[in-house]
Structure formats: structure tokens, C-alpha cells
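Each chain is listed here by its residues.
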Amino acid sequence: STTAEAAAQNPISLDLKVPIIGSGGTDDQQKNNQLVYVYMFDVPYQISNPIALKWYHDNMWKGTGKMKIARLYVDLAMGKIMDTQPVNDLITQDLGYELLPVEWFPATITDFTPYLLRIKDEKPDVVLCQCIGDPFALALKDAQRLGMDTTNPQFIGCEWAGINSAFVKAAGPAAEGELSSY
């Protein structure tokens, strides 16, 4: 369950003072597990992106005007579930953010350069990156190599980004400052 995962991540989030926003939990579970920096909600997981965007906008974003969102999604059914009209409407109509076209990458990706260069040209405020573990580490390292600081634009890993010690080791300094929702 995601509640067990959140409880397991709690010591890391406490140590690093990094919030964890995740689907599949309730307030009672959050209180019982003493999840200080872990925020759980009981909604379908594709809604975690709008919730993470809203949290980022309200708590960290320093820009003005409409927040511009790039999307880097895996070209599989798992990726396509993130690009649904109700979710996009929630982001654009209800929250008022601008969505850039999705950059679909193959599941067997070894280089994010062409996707990230297109995203970089658009100058987004946030990059929602639907990657898990090593591919997410690769995306962050490629972004850093291309001169993109993972906090400007803010990279937010979505849907089980695989944030753990192996990910941090694989991503190295490129992991600094990235956020994730799950």
C-alpha cells in the first residue's frame, strides 16, 4: 500500500525536510504514522499531478502569471493515463496553469536529450516527469548536462518515481531539489 511506502519514506523526508505527496492514504493514517512531511490523499493516482502542482505553486513557486507546465511521459498505457482530458482540465481550467504538449518518450530510453531540448526551448516553470528509478535519474542527469537546473524549471517526478537511496546514488547531484508525487 502507498501508506506503508509513505511510512517507510518518512525518516528520509524528516532528515532532508522534503515533503512527500502521495495518493492512497487518509488523514487518520497520516496522524497514526506521524508522517510529518508526508501528505496523503485518497484519490486516483493520476490526480497526484494536479495536487503536486498546486502544492508547488502555493508553497515554492516564485513566478508571476500563469505557471507553465511541461510533461515528459512514457509512451505506454501507464503514461497515457496521466494525459486524460479530466486531469488536463483540472490543471488548466480549475488551477489556471498552462500545459505544454506532452513529450512522449519510449520505455527503453537511453537519452532524454531531444525531448529535454524541446522542453527547454519552451521555458516551462515545471517539468512533470513520469519516470521510475533509473530513467528518472537519467532524465535529471541529462537535464543537468543540458544546463537545466532541476529546480528551475522544477522537476517533479510523478507516479512511483522510485525515490530511494539507489535513485539518489544513480542521479547524483542532479537529484538535488527535485520533487516527486506518487
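Here the structure is a predicted model, which is why all the values come from computation and not from measurement.

**Student:** In this structure, what is going on with the overall build of the protein? I would like to understand it.
**Tutor:** Tallying secondary structure elements over the protein gives eight helices and seven strands in all. Expressed as a percentage of its 182 residues, the buried residues of the protein come to 45%. Partitioning the contacts of the protein with sequence separation of at least 6, the portion at a separation of at least 24 is 70%. Element-wise, carbon and sulfur atoms account for 54% of the exposed surface of the protein, whose accessible area totals about 9000 Å².

**Student:** What's the story with the nonpolar core in this structure? I'm lost.
**Tutor:** Burial of nonpolar side chains together is a common tendency in soluble globular proteins. Ranked by internal contacts, the top residues of the largest apolar core, which has 25 residues, are Leu 72, Phe 105, Phe 112, Leu 116 and Phe 155. Put simply, the parts of the chain that give this core at least two residues each are strand S3 (68–74), strand S4 (98–105), helix H6 (113–122), strand S5 (126–129), helix H7 (134–145) and helix H8 (165–171). If you tally residues by element for this core, the top one is H7, at five residues. If we skip the residues at most four places from it in the chain, Leu 72 touches Glu 103, Phe 105, Phe 112, Tyr 115, Leu 116, Ile 119, Val 127, Leu 128, Cys 129 and Gln 130. Judged by nonpolar contacts, the second largest core, of 18 residues, contains Leu 53, Tyr 97, Leu 99 and Cys 158.

**Student:** Any chance you could explain the packing of aromatic side chains here in plain terms?
**Tutor:** Aromatic ring pairs are described here by two measures, namely the spacing of the ring centres and the angle between the planes. Throughout the structure, instances matching the rule amount to two aromatic pairs. Taking the centre distance of 4.9 Å and the plane angle of 65° together, the rings of Phe 105 and Phe 112 count as edge-to-face. The burial state of Phe 105 is the same as that of Phe 112; both residues are buried.

**Student:** Looking at this structure, I do not really get unusual backbone geometry. What am I missing?
**Tutor:** What is expected of a backbone is that most residues other than glycine have negative phi and most peptide bonds are trans. Residue Pro 153 follows Asn 152 across a cis peptide bond; omega there is 5°. Position of Pro 153 among the secondary structure elements: in the loop between H7 and strand S6 (154–158). The backbone of Lys 123 shows a phi angle near 55°, a positive value even though the residue is not glycine.

**Student:** Mind showing me how you'd approach the pairing of S6 here?
**Tutor:** Two faces make up the sheet, and in a regular strand the side chains alternate between them. Burial analysis of S6 places five of its five residues in the buried class, the great majority of the element. Side chains Gln 154, Ile 156 and Cys 158 of S6 all project onto a buried face; the interleaved residues Phe 155 and Gly 157 project onto the opposite face, where all are buried too. Note: S5 against S6, four bridges, orientation parallel. Residue pairing across strands places Val 127 opposite Phe 155, the latter belonging to S6. The pairing of S6 with strand S7 (residues 179–181) spans three bridges and is parallel. Residue pairing in the sheet places Gly 157 in a bridge with Ser 180 of S7.

**Student:** I'm lost on the pattern of salt bridges in this one. Help?
**Tutor:** Oppositely charged side chains may form a pair once their charged atoms are brought near each other. Applying the stated criterion across every chain yields a total of five salt bridges. Two residues, Asp 83 and Arg 71, come together in a salt bridge whose shortest N-O distance is 2.8 Å. Of this pair, Asp 83 sits in the loop between helix H4 (77–80) and helix H5 (85–94) while Arg 71 sits in strand S3, and the two are twelve residues apart along the sequence. With relative accessibility at 27%, the residue Asp 83 sits in the partly exposed group. According to the relative accessible area criterion, Arg 71 is buried, its value standing at 6%.

The rules we used
Residues numbered from 1 in each chain as written. Predicted model: local features only at pLDDT ≥ 70, side-chain atom pairs only at ≥ 80, totals over all residues. Heavy atoms only, no water. Helix = DSSP H or I, 4+ residues; strand = E, 2+ residues; numbered from the N terminus. Buried < 20%, exposed > 50% of the residue type's maximum accessible area, 1.4 Å probe, protein only. Contact = heavy atoms within 4.5 Å. Areas by Shrake-Rupley, 256 points an atom, 1.4 Å probe, with all protein chains shown as cover. Core = buried A, V, L, I, M, F, W, Y, C linked by side-chain atoms within 4.5 Å. Phe/Tyr/Trp six-rings, centres within 6.5 Å; stacked < 30°, edge-to-face > 60°. Pairing = 2+ DSSP bridges. Salt bridge = Lys/Arg side-chain N within 4 Å of Asp/Glu carboxyl O.

Fair warning: the whole summary comes from geometry, so function is off the table for now.
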